[in-house]
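Coordinate inspection notes
Spelled out from the first residue to the last, the chains are:
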Amino acid sequence: MTDTGYVRSELVAAKPAPNPTSGAVVWAKKNLFATPMDALLTAFGVLFLLWVVPPFFNFVLGHAVGPMGTVEECRAITAGACWAYVYNEMEFFIYGFYDIPQLWRPNIVFALGALLFVPLLIPKLPFKRINALLFLFVYPVVAYFLLAGGVFGLSEMPTEKWGGLLVTLIISVVGITLAFPLGIVLALGRQSTLPVIKTICVTFIELIRSVPLITILFMASIMLPLFMPQGMTVDKLLRALVGVTLFTSAYLAEVVRGGLQAIPRGQYEAAASLGLGYWQRMYFIILPQALKHVIPGIVNSFIALFKDTSLVYIVGMKDLLEAVKTKNDSALEWQSANTATTGYLFAAIVFWAFCFSMSRYSMFMERRLNTGHKR
Amino acid sequence: MTALDAGPTEAPRTFFFNDPVIRGIVYQIVVGLILVSFIAWIIGNTAANLAAQNKTTGFDFLWKTAGFDISFSLLPWSRASTYWQAFLVGITNTLLVAFIGIVVATILGFTIGIARLSSNFIISSLATVYVETIRNIPLLLQLFFWYFAVLKTMPAVRDSYELPLDSFINQRGIFFPQPLPDAQFGFVWIGLAVAIVGVLVLRRWARKRLEATGQRFPVFLTSLAVLLVLPALVWLISGAQVAFDPPVLGRFNFEGGVQLPPEFLALLFGLSIYTASFIAETVRGGIQAVNHGQTEAAQSLGLKEGDRLRLVIVPQAMRVIVPPLTSQYLNLTKNSSLGAAIGYPELVNVFSGTALNQTGRAIECIALTMLVYLILSLLTSAIMNWYNARVTLVER
Amino acid sequence: MSEPSQTTAASGQATRQDKATSTKPAIEIIGMHKWYGDFHVLRDINLTVGDGERIVIAGPSGSGKSTLIRCVNRLEEHQEGQIIVNGVELTADLKRIDEVRREVGMVFQHFNLFPHLTILQNLTLAPIWVRGTPKAAAEATAMHYLERVKIPEQANKFPGQLSGGQQQRVAIARSLCMQPRIMLFDEPTSALDPEMVKEVLDVMISLAEEGMTMICVTHEMGFARQVADRVIFMDQGQIIEQNEPEQFFSNPQHERTKLFLSQILH
């Protein structure tokens, strides 16, 4: 051994870090007071919270009038949110003008929907295919006849009477379900080598994406009846659905196109070399991979659609937001300084709860897909 | 068939439909025919429906007197104006709220996007709460909130809240003094223009000097000083005066000053706050998309933090941020059509609403309205394509 | 706990050795410890690198090799002990960190070229903005180093247009443009295709022959044999064994070193 050599005779055992690396103080030092600037920002943030949180808390809970309260309490100068108003109008907010003795019908529809939809979202559960087929094809028929009635001795319930959260959910779920196949066809058409088909698809997609939904709903509301043969009337709900579906399909087409482009060329070539025809290639090889890739994008489109259903007031439907607005403006017996604010707050909470949970779900799927990809 | 099967083989005959070219042409003809006949059917129905309702078509109505009021307009407007002028008023009102909204949403969105990446727990949490709350609530609901729950519950004109600088807020919006600069004030504008040109020249010179001699020049501070001092000096020397026309409570309303109606304010607040939450996410994603190795490489070369951001990180982040940012701008412009729901006289409200109802020319009005949005988005995507072609990273 | 002997290079190059002993060491690390949270990544590191000395650090992945050299230009901060580079001790003081980084070049596994700048701009960025070199002079220097790494014709291309080997050579040239006194190499050939490894190693060998002080984390044992003055073997965040390459490869002492060498030298 020369003089440069060195051999460690005894290994150094791990020892704890000199300064504690966890604990509240260390955490605060690192995340709140790392630099003087940080400390200043922290102080600023805390002051802001002190300014905003207590009044908000007092309005929503502290000074609020509970569900069992009276309008007199709501009219008190110090009163906060008037939850009694929301509680008393809840049926209208959820079902619109639906006949009250018949509310069990939408309730069954809600329950069935949840029963079929929730398992679809959980990747681990089996029978996805049957579940999806039931949800996409059987459930809508059952739901429609349950809600509309006119068969099996159920009293007839015209769509004008439907409203509130019921309509919001119907339009968003039916809209996305119908827009989905249309979006796939448009995306495939856009990728097509046939110029006529490609042009048609590109024109449709870009035209729809460049105008606001509100103008498409105007069109559905005013022009759709003109387009139909004379004497044929188009149900308001149907008008809303047509507008929303066309609009969403253009956006979904772009989402799906992203997925198609992410599939490596080798997959197309391998499928072709097996002798599969165009539709077989798409159905067995390309689309299953592409759609799996874009599940987060599809969920995001659904969130956007869910929020956009608030615009169907244009065609005269009373969705959740429009139902709340109607009562805010017309429920004179509940008039107070905070009635409208409470109503909007309620609608906001409902919309938020739906959208937020969906966006978390989309993030969850994204993480799942990413890790699945690396393996 | 194998090579052993000697003997004359017939030229393979293809059934004509198995030729991919012919098949493609057939498909296209079929789809084309279906589409054309569908459109023809719609046109036929529409014509029959219109005839049955005794309605005429055409754009001649554009030159007729509109005869309705528009509450807020940058262009001169009276009841005697034509529908064409109403169309233009609608467009300018849309562009006005979209432009201001874009400026506000950009500032707010960048601030919040950067705040979300802050190492300070409180700041990043506040930004997260903002984004997750705002983007999960429909814009229309937010507009209703601002309009009906906030601005419309302001006190009546008589009991207006007084704001600083002779401004007032009440049910009818915000009133503030209108600055009335005198003729001398033109010199201040000239001074400002000279200062801006000076700053541009200074930046070029500083860059040249750095490249020539290696000496840094404090460009930012100097520019700031030039921009502030020069116009101020001109103001003092020229003796320019700015008079203010404050709003004064008259018999029924404030007189004088500038009024921003609650419809405009609610739409502006709603659009800016809503779009900012999306811009914040775009900005965060763009900054995070720059590989951490870039920061490390810049650090190991000895670049200081400011230079690191300016020369290495921001140019790369902007490539990622700009395309989705433009589509957010476009979304904001399209979303400004929701102003129709709270009575702001933008394009959809004025033209697809009032004008359509008065004239009954549904197809014409809706088509013209859509055309405006179509042109706006075609323009934007043309600019975007040009930008993308310019900044795309060159790869093998 | 045994203190390792801190001797500088004893290689065949007498001139180098004279210089190394006559001036202060280029890098001195004394009793250094580092933790990631509660994880003790570097334990009792003692290492002196003489001026002009070439060190190769080897060891299994996760042994702390990269972390060690990233501490030398403060991309990572240590919690205990001292790191002195060119006589400047690294502390939280930003000024000192800047001072050290100007003198220490670093080459990364994944090149980390700036994709939005041309090769020439990549090379001149730091000289212009950090050293304040006039642009013309910076470009001349850049071209000089591009010629040294044998790709002057690529000067106006973008990093994305170059092969991995070319990119890594550009990255080396980029560091050299700052005229550093010490070069750190963090697995510079690990991300390269086999046929490109040689072109990068050739550049590193010629640098070594010119007397650059170098610390290389690498798995290229042929390179270690050819140019290293000392090979250091690390495992579990500590220096297990160090020796001249000849001795190190032919006569490893520690069980772990033997095991490691038997696994990588077939």
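To start, this report covers the structure provided alongside it. Note that this is a predicted model, so its numbers are computed, not measured. (Residues numbered from 1 in each chain as written. Chains lettered and ligands numbered in written order. Predicted model: local features only at pLDDT ≥ 70, side-chain atom pairs only at ≥ 80, totals over all residues. Heavy atoms only, no water.)

**Considerations on the packing of aromatic side chains**
Our working definition: Here a Phe, Tyr or Trp ring, Trp counted by its six-membered ring, pairs with any other such ring whose centre lies within 6.5 Å, and the pair is stacked when the planes are under 30 degrees apart, edge-to-face when over 60, and tilted otherwise. For the purposes of this entry, the term helix denotes a DSSP run of H or I that reaches at least four residues, the term strand denotes a run of E that reaches at least two, and both are numbered from the N terminus. Three labels apply to residues, based on accessible area from a 1.4 Å probe with only protein chains included: buried if under 20% of the type maximum, exposed if over 50%, partly exposed otherwise in between. A ring is considered to have a charge above it if a Lys NZ or an Arg CZ atom is located within 6 Å of its centre and within 35 degrees of its normal.
Scanning all chains against the criterion turns up 41 aromatic pairs over all chains. Measuring from centroid to centroid gives 5.9 Å for Tyr-344 of chain A and Phe-144 of chain B, while their planes differ by 45°, and the two rings are tilted. Of this pair, Tyr-344 of chain A sits in helix 15 (residues 339-374) while Phe-144 of chain B sits in helix 4 (residues 139-151), each in a different chain. According to the relative accessible area criterion, Tyr-344 of chain A is buried, its value standing at 2%. The class of Phe-144 of chain B is buried, set by a relative accessible area of 2%. With 5.1 Å between their ring centres and 90° between their planes, Phe-185 of chain B and Trp-235 of chain B make a pair best called edge-to-face. In this pair, Phe-185 of chain B sits in the loop between strand 4 (178-181) and helix 5 (186-213) while Trp-235 of chain B sits in helix 6 (residues 219-238), placing the two residues 50 residues apart along the sequence. An aromatic cluster of three or more residues is present, and its members are Phe-61, Trp-63, Phe-68, Trp-77, Tyr-83, Trp-84, Phe-87 and Phe-351 of chain B. Lying over the aromatic face of Phe-114 of chain C, Arg-174 of chain C brings its terminal NZ or CZ to 4.6 Å of the ring centre.

**Section: the pattern of salt bridges**
Rules: By salt bridge we mean one thing: a side-chain nitrogen of Lys or Arg within 4 Å of a carboxyl oxygen of Asp or Glu.
By the definition in use, this model includes 32 salt bridges over all chains. Between Arg-284 of chain B and Glu-281 of chain B there is a salt bridge, with its nearest N and O atoms 3.1 Å apart. Of the two residues, Arg-284 of chain B and Glu-281 of chain B both sit in helix 7 (residues 262-289), 3 residues apart, roughly one turn of that helix. What makes Arg-284 of chain B partly exposed here is its relative accessible area of 23%. Between Glu-296 of chain B and Arg-70 of chain C there is a salt bridge; the shortest N-O distance is 2.4 Å. In this pair, Glu-296 of chain B sits in helix 8 (residues 292-300) while Arg-70 of chain C sits in helix 2 (residues 65-72), so the two residues belong to two different chains. Just as Glu-296 of chain B is buried, Arg-70 of chain C falls in that class too.

**Quick word on the interface of chain B and chain A**
Formally: Whether two residues are in contact is decided by their heavy atoms: any pair within 4.5 Å suffices. Once two parts are put together, the accessible area they lose, assessed with a 1.4 Å probe and summed over both, is termed the buried area. Throughout this description, a polar contact denotes any pair of N or O atoms lying within 3.5 Å of each other; where both atoms belong to protein, one of them has to be capable of donating a hydrogen while the other can accept it, and for residues adjacent in sequence the pair is counted only when both atoms sit in side chains. Residues are grouped as follows: nonpolar covers Ala, Val, Leu, Ile, Met, Phe, Trp, Tyr, Cys and Pro; charged covers Asp, Glu, Lys and Arg; every other residue, Gly included, is treated as polar.
Every contact between the two is made by 50 residues of chain B and, on the other side, 52 residues of chain A. Contact between chain B and chain A buries roughly 4,500 Å² in total, counting both sides, with carbon and sulfur atoms accounting for 74%. Our enumeration of links across chain B and chain A arrives at 1 salt bridge. Counting the contacts that link chain B with chain A gives 14 residue pairs in polar contact (both at pLDDT 80 or more). Secondary structure elements with two or more residues in the side of chain B that touches chain A: helix 1 (20-52), helix 3 (121-134), helix 4, helix 7, helix 10 (347-359) and helix 11 (362-391) of chain B. The greatest single-element share of the side of chain B that touches chain A, amounting to 13 residues, is contributed by helix 1 of chain B. The residue makeup of the side of chain B that touches chain A, split by class, is 33 nonpolar, 14 polar and 3 charged.

**Overview of the state of the cysteines**
Put simply, the rule reads: The disulfide criterion used throughout: a pair of cysteine sulfur atoms within 2.5 Å.
Taken as a whole and assessed by the stated rule, the structure comprises 0 disulfides over all chains. Take Cys-177 of chain C: it sits in no disulfide, and the sulfur closest to it among the cysteines is that of Cys-216 of chain C, at 19 Å.

**A look at the interface of chain B and chain C**
Contacts between chain B and chain C engage 30 residues on the former and 31 residues on the latter. In total, chain B and chain C occlude about 2,700 Å² of area from one another, counting both sides; carbon and sulfur atoms represent 60% of this. Across the contact surface, chain B and chain C share 3 salt bridges. Between Lys-304 of chain B and Asp-98 of chain C there is a salt bridge, with the nearest N and O atoms lying 3.8 Å from each other. Where chain B touches chain C, the interface holds 7 residue pairs in polar contact (both at pLDDT 80 or more). Of the residues forming the side of chain B that touches chain C, the biggest block, 8 residues, is contributed by helix 9 (residues 305-335) of chain B.

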